[in-house]
Amino acid sequence: MGKLVALILLGAGLALVWERFLTLGERLNAHREVESVEPQNCRLIEGIENGSEDIDILPSGLAFISNGLKYSGMPDLAPDEPGRIFLMDLNEQNPRVQELNISGGFDKASFNPHGMSTFIDKDQSVYLYVVNHPHMDSTVEIFKFEEQQRSLVYLKTIKHKLLKSVNDIVVLGPEQFYATRDHYFTNFLALFEFVMDLRWTHVLFYSPREVKVVASGFSSANGITISLDKKYIYVADVSDKNIHVMKIQDNWDLTELKVIQLDTLVDNLTADPDTGDILAGCHPNAIKLLMYNTEDPPGSEVLRIRNALSEKPVISTMYANNGSVLQGSSVASTYGGKLLIGTVFHKALYCEL
Ligand SMILES: *[C@@H]1O[C@H](CO)[C@@H](O)[C@H](O)[C@H]1NC(C)=O
């Protein structure tokens, strides 16, 4: 009797795995091709050839661009080069990037920068928080930005047992942030979750006094950003192809208001500083990203989501390309009519809108 039950359970389990497996192609948009939407005045940014995973623009128009991410399962076009942070001044006529020098005893050789977030304190000092994966570990590095010297001074590293496999962060105050946590660095677990369509990833709140899970149930929580009024958090669930709109509670817990469903794998999010619209860097077809083929490369797609809090958010395409120009867009950020689009491992694009 026991054996029969075990066999039935095994059969049911295998059938479930198979059924989930069959929907994988659809969930990864295996057959989706993009139709080109390309603003007139766009150019690739000279000097960025191997990734521009995250981009964060200060209210003054200075943009930080993280470069050289080494992430399991993603192509790496310069495996021997450590990660770098570039600066671009969007107030210039013809802006160019400049690598930021990092001082203060930071281990640059193992720098593997991922998500970033800036924080400006009451004295107008600027701090850059960077998710780092030295030797495939996860830490959050805090740097002070010295504008005159165009450099970053390393201040400290935050590590915590809950801050594992961190993807992106959004800073709320001094040493206080939300972080998304996926299971990317435990490949097998990530694959299992993906195939089985499980929702085991979450958002953490970190402060020196308290670290806790504030939202869970994401298939793969990825990009995170805050609304201009600092009342809402937007979380991109990349494998569920949607954006969760969440309200910040007094105790920093997040409660879900709504989910905006899209037909593209949403990576990083930013808020347009002029309108509050969400800009989403997306992967239209994840199979092309995961099975990288230079003959048929992954494309890029940037969506603008207006009125995210309303009944009917309005979604429009700001940029789309089949990979002939830009591959694997992960983030888009705007400032004063200019648009920067970053990628997981490829180049970066600058557009005047
Ligand atoms: C991508 O689009 C360009 C034209 O915009 C076209 O020449 C090229 O063949 C397309 N590439 C693929 C792989 O479809």
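Residues numbered from 1 in each chain as written. Predicted model: local features only at pLDDT ≥ 70, side-chain atom pairs only at ≥ 80, totals over all residues. Heavy atoms only, no water.

1. Topic: the state of the cysteines
No. 1: Inspection of every chain in the model, using the stated rule, returns one disulfide.
No. 2: Covalently, Cys42 is tied to Cys351 through a disulfide, its sulfur atoms 2.1 Å apart. Judged by the sign of its S-S torsion, about 105 degrees, the cystine formed by Cys42 and Cys351 is right-handed. Note that Cys42 is positioned in strand β1 (residues 41–44) and Cys351 in strand β25 (residues 349–352), a separation of 309 residues in sequence. (Disulfide = S-S within 2.5 Å. Helix = DSSP H or I, 4+ residues; strand = E, 2+ residues; numbered from the N terminus.)

2. Quick word on the UniProt feature "binding site: Ca(2+) 1" (unreviewed entry) in the protein chain
No. 1: UniProt's feature table lists "binding site: Ca(2+) 1" (unreviewed entry) at Glu53, Asn167, Asp168, Asn222, Asp267 and Asn268, given in the numbering used throughout. Spatially, the listed residues are clustered: although they cover 216 residues, their C-alpha atoms lie within 12.0 Å of one another. Lining the largest pocket, from the set of annotated residues above, are Asp168 and Asn268.
No. 2: Mapping Glu53 onto the fold places it in the loop between β1 and β2 (55–57).
No. 3: Setting aside residues up to four positions removed in sequence, Asn167 forms contacts with Tyr71, His114, Gly115, Val131, Thr180, Asp182, Ala221 and Asn222. (UniProt positions renumbered as here; feature names shortened; annotations may be inferred. 1 Å grid on protein atoms, 1.4 Å probe; cavity = no way out; pocket = protein on both sides within 12 Å on 5 of 7 lines; lining within 4 Å. Contact = heavy atoms within 4.5 Å.)

3. Things to note about the sheet that holds strand β17 (residues 242–248)
No. 1: Taken in spatial order, the four strands of this open sheet run β15-β16-β17-β18, and their pairing is antiparallel. A single partner strand is all that each edge strand has here, and the edge strands are β15 (221–226) and β18 (254–261). Going across the sheet, the axis of each strand differs from the next one's by a mean of 25 degrees, ignoring polarity.
No. 2: Bridge count for strand β16 (residues 232–237) against β17 is six bridges, and the pairing is antiparallel. Within β17, the position partnered with Ala236 by the bridge is Ile243. (Pairing = 2+ DSSP bridges. Axes fitted to C-alpha atoms, helices over the stretch in contact; angles between N-to-C directions.)

4. A closer look at the pattern of salt bridges
Opposite charge on two side chains permits them to pair, given that their charged atoms come into close proximity.
No. 1: Tallying each qualifying case throughout the model produces 15 salt bridges.
No. 2: Three or more residues are tied together by salt bridges with common partners; here these are Asp272, Asp277, Arg304 and Arg306. (Salt bridge = Lys/Arg side-chain N within 4 Å of Asp/Glu carboxyl O.)

5. A short note on the site of the ligand
No. 1: Looking at the ligand, the residues that line it are Glu295, Asp296 and Asn322.
No. 2: For the ligand, an oxygen atom lies 2.3 Å from a polar atom in the side chain of Asn322.
No. 3: The protein chains hide 36% of the 360 Å² of surface that the ligand would expose on its own. (Near = heavy atom within 4 Å. Polar contact = N/O pair within 3.5 Å; in protein donor to acceptor, adjacent residues only side chain to side chain. Areas by Shrake-Rupley, 256 points an atom, 1.4 Å probe, with all protein chains shown as cover.)

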